[in-house]
Amino acid sequence: MNFETIIFYLFAAILVFAAARVVTARNPVHSALFLVLAFFTAAALWITLEAEFLAITLVLVYVGAVMVLFLFVVMMLDINYDLLREGFWENFPYALTVAILMGAEMVLVLAGRNFWANGNGGMPNAHGAGYSNIKELGRLIYTDYVYPFEIASVILLVAIVAAIALTLRHRKDTKYQDPAAQIAVRRNDRLRIIAVSSDNKLKQQAAEDSPSAEQP
């Protein structure tokens, strides 16, 4: 067992522990922090696989943006923890079934002949100094996996539209813009010119109206 294998098993153990604590932690803030730890350890595993671009993207996008948003939402909302725990055991069989299916899929992928074809136990072969994993990633995405990539993009777009449609509520007090009304607006509808007297006339009128200006 070499040093790279030891590092892999170390980060893998931390990742499994953090993922388990995300589900089992009672406090949602603690769950979010354990998820941040899981993202960092997953990024470390990507680095060991010579995928530095994916590791940096995972840290910047998920840890730097998504998890910060999750923490803001969790800490600002008044969440009833007892209400959230009521349906845990009812949904546990479904979650366990999905977990078993995902585990079986990973076992099938790892047991495939293509994964062990290089003789390094799934570890990548050593590359030269001029090797670019970004170029290799782009080549695979837009050649071998272009159709799954496009399908995933369409699915994400449909999910965004569905989320907006499900959360959209029409309220009477909601202010919104009507582009047609903005285009059809005229100057007289927005602007009114009022004739105002000069400052000297206003001062003279104020002096005449003041009580000190009256003669006894």
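Residues numbered from 1 in each chain as written. Predicted model: local features only at pLDDT ≥ 70, side-chain atom pairs only at ≥ 80, totals over all residues. Heavy atoms only, no water.

Per an unreviewed UniProt entry, the protein chain carries the name NADH-quinone oxidoreductase subunit J and comes from Sulfurimicrobium lacus. Recorded in UniProt for the protein chain, the comment headed Subcellular location (unreviewed entry) runs: "Cell membrane". We quote the UniProt Function (unreviewed entry) comment for the protein chain here in full: "NDH-1 shuttles electrons from NADH, via FMN and iron-sulfur (Fe-S) centers, to quinones in the respiratory chain. Couples the redox reaction to proton translocation (for every two electrons transferred, four hydrogen ions are translocated across the cytoplasmic membrane), and thus conserves the redox energy in a proton gradient." (UniProt positions renumbered as here; feature names shortened; annotations may be inferred.)

Draft legend 1. A look at the UniProt feature "transmembrane region" (unreviewed entry) in the protein chain. UniProt annotation of "transmembrane region" (unreviewed entry) refers to residues 6-24, 31-49, 55-79, 91-111 and 145-168 when read in the numbering used here. The distance from the first to the last C-alpha atom of residues 31-49 is 27 Å, and the span holds 95% helix and 0% strand. (Helix = DSSP H or I, 4+ residues; strand = E, 2+ residues; numbered from the N terminus.)

Draft legend 2. View of helix H3 (residues 52-76). A rise of 1.5 Å per residue sets the reference length of H3, with its 25 residues, at 36 Å; its end C-alpha atoms lie 34 Å apart and thus fit the reference within 8%. Considering bend angle alone, the principal kink of H3 is centred on methionine 67 and spans about 30 degrees. Among the residues of H3, Ala55, Leu58, Val63, Met67, Leu71 and Val74 are the ones counted as buried. (Expected span 1.5 Å × (residues − 1). Bend = angle between axes of the 7 residues up to and from the residue. Buried < 20%, exposed > 50% of the residue type's maximum accessible area, 1.4 Å probe, protein only.)

Draft legend 3. Molecular detail of the pattern of salt bridges. Considering all chains together, one arrives at one salt bridge under this definition. When the shortest N-O distance is used, the salt bridge between arginine 139 and glutamate 136 registers 2.5 Å. Separated by three residues within a single helix, arginine 139 and glutamate 136 lie in helix H6 (residues 133-144), roughly one turn from each other. Residue classification places arginine 139 among the partly exposed residues on the basis of a relative accessible area of 41%. (Salt bridge = Lys/Arg side-chain N within 4 Å of Asp/Glu carboxyl O.)

Draft legend 4. Layout of the nonpolar core. Of all hydrophobic cores here, the largest spans 10 residues; its members are Ala32, Val36, Phe39, Ala42, Ala43, Ala55, Leu58, Val63, Met67 and Leu71. Elements with a contribution of two residues or more to this core: helix H2 (28-48) and H3. Residue contacts for alanine 55: discarding those within four places in its chain leaves Ala43, Trp46 and Ile47. (Core = buried A, V, L, I, M, F, W, Y, C linked by side-chain atoms within 4.5 Å. Contact = heavy atoms within 4.5 Å.)

Draft legend 5. Representation of the side chain of serine 31 in the model. In this fold, serine 31 is placed in helix H2. Setting aside residues no more than four positions away along its own chain, serine 31 makes contact with Arg21, Val22 and Ala25.

Draft legend 6. Broad picture of helix H5 (residues 88-111). The end-to-end C-alpha distance of H5 is 33 Å, a good match for the 34 Å that 24 residues give at a rise of 1.5 Å each. The largest bend in H5 amounts to roughly 25 degrees and is located at tyrosine 94.

Draft legend 7. Looking closely at the packing of aromatic side chains. All chains considered together, the criterion is met by four aromatic pairs. Ring geometry for phenylalanine 39 versus tyrosine 62: centroids 5.3 Å apart, planes at 45 degrees, classification tilted. Placement of the pair is phenylalanine 39 in helix H2 and tyrosine 62 in helix H3, with a sequence separation of 23 residues. The exposure class of phenylalanine 39 is buried, given its relative accessible area of 17%. Look at tyrosine 62 and you get partly exposed, because its relative accessible area is 40%. Measuring from ring centre to ring centre gives 5.6 Å for tyrosine 142 and phenylalanine 149, while their planes differ by 70 degrees; the resulting arrangement is edge-to-face. (Phe/Tyr/Trp six-rings, centres within 6.5 Å; stacked < 30°, edge-to-face > 60°.)

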